[in-house]
Each structure stands twice: as C-alpha cells, then as structure tokens.
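Single-letter residue listing:
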Amino acid sequence: MKDSLKKYLFEDRSVRIQTVNLTQTWHEMLTHQTYHPVLRNLLGELSAAAVLLASNIKFEGSLVLQLQGDGPIALIVVECNQHLQVRATIKTRQEFVVKDTDTLQTLLNANGQGRFVVILDPANRPKGQQAYQGIVPLVGNSVGEALASYMQHSEQLDTQLYLAADEHKATGLLLQRLPYSGGQEVDSEVAHQAWERALHLGRTIKPSEQLQVDEDTLIHRLFWEENLIAYEPQSVSWFCSCSRERVADMLKMLGSSEVESILSERPNITVNCDFCGKPYVFDAIDCAGLFVATGNEKADKQLH
C-alpha cells in the first residue's frame, strides 16, 4: 500500500485535520543510512511534519524545514515538494556522543543558539532572487511544539502537530484552526468550541498509538462523533536527485591529477549522497573512462 496524506474538515470548516503515513517512504529514506535511534526518530518526525505542511502550500516548488543547532546535531534538513516527494538528512558533530536520553533541546539548543528555519523555494524563482526564509529561535521540547510555535508567531495560525517515528514508520496528525473568509456568517463561539474539542481529542493521542494503528483507525477513534468532510488521499514518496552521472561530473571537476592522487591511496573512490547516503563507487577504470570521454569530447568540438 502506498504512503498517503489524508485531509478532513470539520463540517463547519473551522478545523482542518490531516494525517500522513510514511512507511515505504521512511524505509527508502533509511536504506543507506544508519542513525542513532534518537536521531532517526527526530528525523522521522520532522519528515512527517514537512509533508503535512507542504500539502497546504499552493505553489510549485519545495518546502524546506531546517533545524540548526550547536550541540550534537549541526543540521537537520527535510525537503518536500508540491508532489509530496520528500528527502531528508542529518549532519552531526563527531566530537559529541548522542545519548538515549537526549532531547530536541540537548541535541540542538544546548547553548541557546538553535534555530528553526522554514524555506519556501518556488520552482520558477528568478535567477538571483532569494527563497523566502522564516527564522525563529528553537523552542519547545519536541518537533511538534517547535512547529506549533512557528505557525502561531509567523503564520498566525493555531496549529498542533502530533508526530511519531520508529525504525518502521514515521507518522503525523495535524490540527489547524482555519480563519473564515468570503463573508461567511460564522458563530465565533461555535467555531471556538469546535477548536477546543479538537485540541482535547488530540491531547489523548500517544505516540505508541500512532505507530501501532493505521491512520484511518486513529481518525475514527478520535473523531467518530464529528461529521467530517473527507478529501481524496494524496500519494507520498521518497525522492532524491542524486545520480551516478552527477557524481561523475563532480569527479571531473576535481581533475584527473586529483583523482589519480586519491586512487594512489585506495583501490576506488566512494562518494555518498549527502541526502540519501547512497554510495557511488568508481574504480580506476571508471575514473580513467571519465577523463578519456572528456578528452574525446574536446577533440570532437575542435574538429567541428
């Protein structure tokens, strides 16, 4: 079964509910990566959150969530595009040892220098124009709390995220209070009560429950008394733009002398993708072929 994101609205359209299941996607993310369980789960929660938030942005391009820290984690990056294709990675500082008891704050904000960055990067962004960046201090004891704080202060939207991840699955539930527009006649007290009711139900969720049951079951358990408007599910998948050709181009840029120098110390050159960790191996014959091809291309251009 494909991973999916599902959207619902309360009948009065005052509250948005979204769920995301990353099982196959999460498996593909971890295929070439080995993380400490604390880091892995943190990355899974941020990945689920990125998909939940990206699905509500109406533009072609990518949403990038970054956690920048001054502790064991230097950087966590998750990118999700308009097709709900996602990729993610963690950069750690080798001088630190990650402990089972570490938290978001000890991993990223030990000295109060942690930052949470949201980037909106349109696919058709003109050359030279910077992508939109929202940067706020890293607050809260979880990814969900940090994001809720960002949404409240930067987007003025009441938002709650309930996120969970383990070695098998990353998942999330988003609750969001929607502003009314278009001249609708709204009973503000009814809308307020609906939001309070959603929050009360959301607080009953345990991460273990999110990991053990499917998202449809979870929605039924929480909101069986509500009349929900359901939308068509959207597929979610893993995507990384790395390729052997891109790595080959990088080796060409190093030049034949540098590549030969590296090969004099080892039997081959292995380059791992910064995002997915997939290894690309080039032996001496592969490397020689890169520069023979380059030489032939130059000769061909000179002849023409």
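Everything numeric here is computed off the predicted structure, so don't read it as measured data. (Residues numbered from 1 in each chain as written. Predicted model: local features only at pLDDT ≥ 70, side-chain atom pairs only at ≥ 80, totals over all residues. Heavy atoms only, no water.)

What about the packing of aromatic side chains?
To describe a pair of aromatic rings, you give the distance between the ring centres and the angle between the ring planes. Counting across every chain of the model gives two aromatic pairs. Consider the rings of Phe 10 and Phe 223, whose centres lie 6.1 Å apart with planes at 75 degrees: the pair is edge-to-face. Highlighted residues: Phe 10 in strand E1 (residues 4-10) and Phe 223 in helix H7 (residues 215-223), separated in sequence by 213 residues. For the pair Phe 10 and Phe 223, a shared accessibility class is recorded, and that class is buried. Plain terms: the ring middles of Phe 116 and Tyr 150 are 5.5 Å apart, the flat faces sit at 80 degrees to each other, and that makes the pair edge-to-face. With a gap of 34 residues between them, Phe 116 in strand E6 (residues 115-122) and Tyr 150 in helix H4 (residues 143-154) connect regions that are remote in the sequence. With relative accessibility at 1%, the residue Phe 116 sits in the buried group. For Tyr 150, a relative accessible area of 3% translates into the label buried. When the ring centre of Phe 282 is taken as reference, the NZ or CZ atom of Arg 244 above it lies at 3.9 Å. (Phe/Tyr/Trp six-rings, centres within 6.5 Å; stacked < 30°, edge-to-face > 60°. Helix = DSSP H or I, 4+ residues; strand = E, 2+ residues; numbered from the N terminus. Buried < 20%, exposed > 50% of the residue type's maximum accessible area, 1.4 Å probe, protein only. Lys NZ or Arg CZ within 6 Å of the ring centre and 35° of its normal.)

Considering the sheet that holds strand E3 (residues 61-68)
If you trace the six strands from one edge of the open sheet to the other, you get E7-E6-E3-E4-E5-E12, paired in mixed fashion. The sheet terminates laterally at strand E7 (132-137) and strand E12 (237-238), the two strands that pair on one side only. Here E3 pairs with strand E4 (residues 73-81) via seven bridges, running antiparallel. Note on E4: the bridge partner recorded for Val 64 is Glu 79. (Pairing = 2+ DSSP bridges.)

Comments concerning the pairing of strand E14 (residues 279-283)
Alternating positions in E14 separate cleanly, Tyr 280 and Phe 282 being buried on one face and Pro 279, Val 281 and Asp 283 remaining unburied on the opposite face. In the sheet, strand E13 (residues 268-272) pairs with E14 via five bridges, with the strands oriented antiparallel. The partner of Ile 269 across the bridge, within E14, is Phe 282. Where E13 folds back onto E14 in an antiparallel hairpin, the turn is made up of six residues, including Gly 277, whose phi is positive at roughly 80 degrees.

Looking at the environment of Asp 12
Position of Asp 12 relative to the elements: it lies in the loop between E1 and strand E2 (15-22). Taking C-alpha positions, Asp 12 is 19 Å from Gln 160, a pair spaced 148 residues apart along the chain. For Asp 12, the side chain forms a polar contact with the side chain of Ser 14, separated by 2.7 Å. (Polar contact = N/O pair within 3.5 Å; in protein donor to acceptor, adjacent residues only side chain to side chain.)

Topic: the pattern of salt bridges
Oppositely charged side chains can pair when the atoms bearing their charge come close. One pass over the full model with this rule turns up nine salt bridges. Arg 40 serves as the salt-bridge partner of Glu 167, at 3.8 Å between the closest nitrogen and oxygen. You can see Glu 167 sitting in the loop between strand E8 (159-165) and strand E9 (170-177) and its partner Arg 40 sitting in helix H2 (residues 37-54), a full 127 residues away along the chain. One salt bridge connects Glu 79 with Arg 87, and the closest N-O pair in it is separated by 3.0 Å. Residue classification places Arg 87 among the buried residues on the basis of a relative accessible area of 18%. (Salt bridge = Lys/Arg side-chain N within 4 Å of Asp/Glu carboxyl O.)

What is shown is where atoms sit, not what they do.
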